[in-house]
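Reading the structure
Okay, here's what each chain looks like letter by letter:
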Amino acid sequence: MTSKNIIIGALLTALALIIPLSFGAYLKIYIPPFSATLASHVPVMIAFLISPLVAAMVGLGSTLGFLIMMGPVIAARAFIHVIFGVTGAYLVKKGMTFEKALILTAPIHALGEALIVLPFGTGMYKAFYLVGVGTLIHHFIDSGISVALARTVLSKAFTKIG
């Protein structure tokens with residue numbers, strides 16, 4: 001990893017921590033076992049554009065933020081950010097567009113979060129319909145935010161950086 005990637009990864013990891021810790025009370029929808037914190041996936045989605053290792057780092061930061069704020073079940077769900085983040089970053093690295101990688105990682109993300117709540121005593125209906133479908137919708141909302149950021153603010157920032 002380059003120094004630039006480490007710095008960008010650290011900034012994205014900080015955002016992944018700050019979003020649930022500082023803004024969770026304002027941006028959160030909570031219908032147990034489902035929760036959605038608006039923009040919480042954006043740092044890991046932006047990490048798709050950097051590298052798989054940075055995406056893993058950001059996903060782990062997200063997991064830690066949700067562990068502190070919401071406890072082990074939500075943190076276990078947040079750990080799926082590592083898996084879909086690394087997958088998405090790998091797809092982008094292999095030449096796939098950012099938008100297509102976001103679309104292809106949506107089912108991985110939703111299914112992963114639905115499956116991860118089953119060992120915690122969540123029934124199949126709540127796991128797949130509430131958590132799975134809810135995560136899918138949340139994934140696409142945060143994808144829209146991520147694409148807008150990537151096309152505007154980040155494209156200008158990266159051209160100036162280098």
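Let us look at the structure shown here.

Calculation criteria
Residues numbered from 1 in each chain as written. Predicted model: local features only at pLDDT ≥ 70, side-chain atom pairs only at ≥ 80, totals over all residues. Heavy atoms only, no water. Helix = DSSP H or I, 4+ residues; strand = E, 2+ residues; numbered from the N terminus. Rg over C-alpha atoms; globule rule 2.2 N^0.38 Å. Buried < 20%, exposed > 50% of the residue type's maximum accessible area, 1.4 Å probe, protein only. Contact = heavy atoms within 4.5 Å. Areas by Shrake-Rupley, 256 points an atom, 1.4 Å probe, with all protein chains shown as cover. Polar contact = N/O pair within 3.5 Å; in protein donor to acceptor, adjacent residues only side chain to side chain. Pairing = 2+ DSSP bridges. Core = buried A, V, L, I, M, F, W, Y, C linked by side-chain atoms within 4.5 Å.

Attention now moves to the overall build of the protein chain. Within the protein chain, the regular secondary structure consists of six helices and two strands. Listing every helix and strand of the protein chain by position from the N terminus yields α-β-β-α-α-α-α-α. Compactness check: the protein chain gives a C-alpha radius of gyration of 15 Å against a globular reference of 15 Å for 162 residues, within 12% of the reference. Principal-axis analysis of the C-alpha atoms places the extent of the protein chain at approximately 50 × 30 × 25 Å. Evaluated residue by residue, the protein chain yields a buried proportion of 48% over its 162 residues. The long-range fraction of contacts in the protein chain, counting pairs at least 24 apart against all pairs at least 6 apart in sequence, stands at 72%. A total accessible area of about 8000 Å² is found for the protein chain, and carbon and sulfur atoms account for 75% of it.

On the secondary structure map, R77 appears in helix 4 (residues 72–93). Within the structure, the side chain of R77 is placed 2.7 Å from the side chain of E113, a separation counted as a polar contact. In this structure, R77 is in contact with P33, F34, S35, E113, I116, V117, V131 and T135, ignoring residues within four places of it in sequence.

This paragraph deals with the environment of L136. Secondary-structure assignment places L136 in helix 6 (residues 124–161). Dropping the residues within four chain positions of it, L136 is found in contact with A106, P107 and A110.

What follows deals with the pairing of strand 1 (residues 28–31). Of the pairings in the sheet, the one linking strand 1 to strand 2 (residues 34–37) comprises four bridges and is antiparallel in character. Looking at strand 2, one finds that I29 is bridged to A36. Counting the residues between successive antiparallel strands, the hairpin from strand 1 to strand 2 contains two residues.

Counting 24 residues, the largest nonpolar core has L12, I46, A47, F48, V58, F98 and L102 as its most contacted members. When contributions to this core are tallied by element, the ones reaching two or more residues are helix 1 (3–27), helix 2 (42–47), helix 3 (52–70), helix 4, helix 5 (98–116) and helix 6. Considering every element that reaches this core, the biggest residue donor is helix 2, with five residues. Residues in contact with F98, not counting those within four places in the same chain, are M45, I46, F48, L49, V92, S146, V147 and A150. F34, A36, V117 and A127 belong to the second-largest nonpolar core, a separate cluster that totals five residues.

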